[in-house]
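Coordinate analysis (summary)
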Amino acid sequence: MNSHFIINDDVQRALKQNRPVVALESTVLTHGLPHPTNLALGRDMESAVLADGATPATIAVLRGSIRVGLSDDELAEIAQARAMKISRRDFAAAIAKKANGGTTVAGTMFAADKVGIKVFATGGIGGVHKEARFDISPDLQALASTQMIVVCAGAKSILDLPSTLEMLETNGVPVLGYSTDEFPAFFSRQSGFKTSARADSPQEVADFARAHWEIGMPSAILVCQPIAEKDEIPREEIDPVEEQASHEAQEKRIGGQALTPFLLQRVNELTNGKSMRANLSFLLNNARLAAQIAQAMSPAKGQGRAI
Ligand code: PSU
Ligand code: MN
């Protein structure tokens, strides 16, 4: 590994001993949630991964280095500092400027793959935008070309969900519903669209992934876990809010990397923080499930818990 990457000791040890490791993204911390909620979430996600027997590896760029695994001080720094949004094209810019940055799903997958992490938990993936259908998240490209299990709560209905699912199909990415046959729409358990397959336990996900990669498939597996029923926001409530946010984005001509953070923030304002609470709920659930899947994937399964 070259000098642009710094892997922290806990993660390095776990990887060396083939113990389960779960990658966590940081754009949700730098661009998705306000301070100090973002720091509390970052800590809670790490604790959730640890409690389910895996080592958390939050990925970010700190002062120009790609960091895999952060200390608590470093997590606090990334949650507070001005940070770039880092997808695949942005790493070199951040390194050259010695900047801080939160890595998106695509950015996190890139770094996690480089160090050999196979399981990653996030909230929602990027996809095809409704406002501009040529605005297709690099997350979809990363999913097409990285052998990794990505646990999410589906995608937001601020995105063009049918086009997003079509792109995943085009790119050979299996969309696994976790205990569901329906693609979950982030705040809602249902979207009206089907997944391509289903798994009902961490072991089933692990077996599916092994089969996919053993035959030589280069793509990721997108595991979609619906939000808990108690935290769900009904479609009739969230859909008009998302539509309003989308109109505002068009009026203000917000595009490119700024679009997703704008939409997230507006939806949160318009729901008086309800969407943020829902977001926190499934981020934690996804961290837990990812840890269980990482255990099921681990050859060192049953050799003691991560510390
Ligand atoms: N969707 C969310 N919350 C998020 C993101 C997406 O509901 O925090 C973040 C993720 O990091 C994702 C990125 O990878 O936004 C996608 O941004 P873009 O659409 O610019 O690719
Ligand atoms: Mn985009």
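The sections below set out a description of the structure shown in this document. (Residues numbered from 1 in each chain as written. Chains lettered and ligands numbered in written order. Predicted model: local features only at pLDDT ≥ 70, side-chain atom pairs only at ≥ 80, totals over all residues. Heavy atoms only, no water.)

Some details on unusual backbone geometry
We count it as follows: Numbering goes from the N terminus for both helices and strands, where a helix is a DSSP run of H or I of at least four residues and a strand is a run of E of at least two. Three exposure classes are used, based on accessible area relative to the maximum for each residue type with a 1.4 Å probe and protein chains only: buried under 20%, partly exposed in between, and exposed over 50%.
In this model, histidine 35 is joined to proline 36 through a cis peptide bond whose omega is 5 degrees. Looking at the element boundaries, proline 36 is found in the loop between helix 2 (27-32) and helix 3 (37-51). Unlike most non-glycine residues, phenylalanine 186 shows phi in positive territory, near 65 degrees. Mapping phenylalanine 186 onto the fold places it in the loop between strand 9 (175-178) and strand 10 (197-199). A relative accessible area of 4% means that phenylalanine 186 is categorised as buried.

Things to note about empty space enclosed by the protein
This is how it is decided: Of the two site types, the cavity is a set of points on a 1 Å grid over the protein atoms alone where a 1.4 Å probe fits but cannot get out, and the pocket is an open set with protein on both sides within 12 Å along at least five of seven lines, each lined by residues with an atom within 4 Å of a point. Grid points are joined across faces, edges and corners, and a volume is the space filled by probe spheres set on the points.
As enumerated under the stated definition, the model contains one cavity of 30 Å³ or more in all. Considered as a void within the structure, the largest cavity measures approximately 40 Å³ in volume. Lining the largest cavity we find Leu24, Glu25, Val28, Leu29, Gly42, Met45 and Thr58. Elements supplying a minimum of two residues to the lining of the largest cavity: helix 2 and helix 3.

Describing the site of ligand 1
The condition is simple: A single heavy atom is enough: if one lies within 4 Å of a molecule or strand, its residue is considered near that molecule or strand. Any pair of N or O atoms that falls within 3.5 Å is considered a polar contact. Within protein, one atom must be able to donate a hydrogen and the other to accept it, and sequence-neighbouring residues count only if both atoms are side-chain atoms. Per-residue and other accessible areas follow the Shrake-Rupley method at a 1.4 Å probe size, with only the shown protein chains counted as cover for residues. Each molecule is assigned to a cavity or pocket provided more than half of its atoms lie within 2 Å of the corresponding grid points. Gly is placed with the polar residues, together with every amino acid not listed as nonpolar (Ala, Val, Leu, Ile, Met, Phe, Trp, Tyr, Cys and Pro) or charged (Asp, Glu, Lys and Arg).
Within the structure, ligand 1 sits among 15 residues, and Glu25, Ser137, Asp139, Lys156 and Phe186 are positioned closest to it. Note that an oxygen atom of ligand 1 is positioned 2.8 Å from one of the side-chain N or O atoms of glutamate 25. Measuring from an oxygen atom of ligand 1, one finds a backbone N or O atom of valine 105 at 2.8 Å. In the complex, 93% of the free accessible area of ligand 1, which totals 470 Å², lies under the protein chains. When atom positions are compared with the pocket grids, ligand 1 is found to occupy the largest pocket. At the level of secondary structure, the elements contributing two or more residues to the shell around ligand 1 comprise helix 2, helix 7 (138-145) and helix 11 (259-270). Taken together, the residues of the shell around ligand 1 sort by class into five nonpolar, six polar and four charged.

Quick word on the pattern of salt bridges
Filter applied, for reference: Every case where a carboxyl oxygen of Asp or Glu lies within 4 Å of a side-chain nitrogen of Lys or Arg is listed as a salt bridge.
Inspection of the entire model under this criterion finds 14 salt bridges. For the salt bridge of aspartate 231 with lysine 230, the shortest nitrogen-to-oxygen distance reads 2.9 Å. Exposure remark for aspartate 231: the relative accessible area of 22% places this residue in the partly exposed category. Taking the relative accessible area as the measure of exposure, lysine 230 reaches 72% and is therefore exposed.

A word on the packing of helix 9 (residues 202-214) against helix 12 (residues 274-297)
Condition: Here an axis means a line fitted to C-alpha atoms, over the contact stretch when the element is a helix, while the angle between two N-to-C directions is reported on a 0 to 180 degree scale. An angle counts as roughly parallel when it lies under 35 degrees, as roughly antiparallel when it exceeds 145, as roughly perpendicular when it falls between 65 and 115, and as oblique in every other case. Helix crossings fall into two classes, left-handed where the near helix is turned counterclockwise from the far one by less than a right angle and right-handed where it is turned clockwise. Throughout, a residue-residue contact means that at least one pair of heavy atoms, one from each residue, lies within 4.5 Å.
Across the interface, helix 9 lies against helix 12 with an axial gap of 8 Å and an inter-helix angle of 60 degrees. Of the possible angle classes, the one that applies to helix 9 and helix 12 is oblique. Here the hand of the crossing between helix 9 and helix 12 comes out right-handed. Contact residues: helix 9 offers Pro202, Gln203, Val205, Ala206, Ala209, Arg210 and Trp213, while helix 12 offers Leu289, Gln292, Ile293, Ala296 and Met297. Looking at the contact of helix 9 with helix 12 residue by residue, the classes come out as nine nonpolar, two polar and one charged.

In short, the description is geometric, and any link to function would need to be established separately.
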